Structures are given as C-alpha cells and as structure tokens.
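# Residue-level structure breakdown
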Amino acid sequence: MSTARLPSLTYTGFRHHLLSNTPVLLPSSATSAWPAFKLWLKDGTVDFAYLHERYGSETVTAVDCGSWESEEKSFGEVLSAWEAAQGERVYVKDRKSVV
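A brief structural summary. (Residues numbered from 1 in each chain as written. Predicted model: local features only at pLDDT ≥ 70, side-chain atom pairs only at ≥ 80, totals over all residues. Heavy atoms only, no water.)

Moving on to the pairing of strand S6 (residues 70-74). A regular strand places its side chains so that they alternate between the two faces of the sheet. Inspection of the sheet shows strand S5 (residues 59-64) paired to S6 by five bridges, in the antiparallel sense. Each bridged residue has a counterpart across the sheet, and for Val63 the counterpart in S6 is Ser70. Between S5 and S6, which follow one another and run antiparallel, lie five residues, and Trp68 among them has a positive phi close to 65 degrees. (Pairing = 2+ DSSP bridges. Helix = DSSP H or I, 4+ residues; strand = E, 2+ residues; numbered from the N terminus.)

Counting seven residues, the largest nonpolar core consists of Phe48, Leu51, Val60, Ala62, Phe75, Val78 and Leu79. At the level of secondary structure, the elements contributing two or more residues to this core comprise helix H4 (48-55), S5 and helix H5 (75-83). (Core = buried A, V, L, I, M, F, W, Y, C linked by side-chain atoms within 4.5 Å. Buried < 20%, exposed > 50% of the residue type's maximum accessible area, 1.4 Å probe, protein only.)

Another point: the packing of aromatic side chains. Applying the stated criterion across every chain yields a total of three aromatic pairs. Aromatic side chains Trp40 and Tyr55 sit 6.1 Å apart centroid to centroid with 80 degrees between the ring planes, which places their arrangement in the edge-to-face category. Here Trp40, found in the loop between helix H3 (35-39) and strand S3 (41-42), pairs with Tyr55, found in helix H4; they are 15 residues apart in sequence, far enough to count as distant. Given a relative accessible area of 24%, Tyr55 falls into the partly exposed group. Ring plane angle 80 degrees and centroid distance 6.5 Å describe the contact between Tyr50 and Tyr55, whose orientation is recorded as edge-to-face. The exposure class assigned to Tyr50 is partly exposed, which follows from its relative accessible area of 23%. Taken together, the ring pairs in this structure connect Trp40, Tyr50 and Tyr55 into an aromatic cluster. (Phe/Tyr/Trp six-rings, centres within 6.5 Å; stacked < 30°, edge-to-face > 60°.)

Written as structure tokens, this is what we have:
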C-alpha cells in the first residue's frame, strides 16, 4: 500500500483516511499556516535538533508501512532513523488524538 497524497483538503477525503487508518500526505496549502510548519522547519528542511529537544522523549507508536507492524518507541529514536535516512517507511501515529 502506498501513501496517498491529497491534492486538496476536504472533510470527506481526510475522513476516509482517518477511518480506514491509512497514512496520507496533506497538501501544503492546508498546512502552511500551522505554527508547526514554522517551528519544525529551518531553512526549508526538517529541524531535527528542535524536534529532538522538544519532543524526543515522548513515547509514540511507530508504524512500518512495509510490514504494517507497529511498536512503541521514543520519538527521538524515530527522529534519529529519519535523520539517518533509515526510516523512510516509518510513520508516527499519536493514538492519544484518535477518537
């Protein structure tokens, strides 16, 4: 299964991915005003140092999109894998926000 990229953000489109528990990439037009967009990026790239410092000790559910296996990890572990280009298939799911 590949990760879908929504060309525009609609309630129906997002709800489909939310309810089916499938990853989706949101369009930048829907996220560019989010404070995280400014905090998590530095010079147009991911600010790993900021994310490690602020959220590295948080426990997250990391899902491997190849095997669909999930495990609890520190966000710092996931960030380190992403930073080393070893976690391309891993996404993070914050189960606390899922209703």
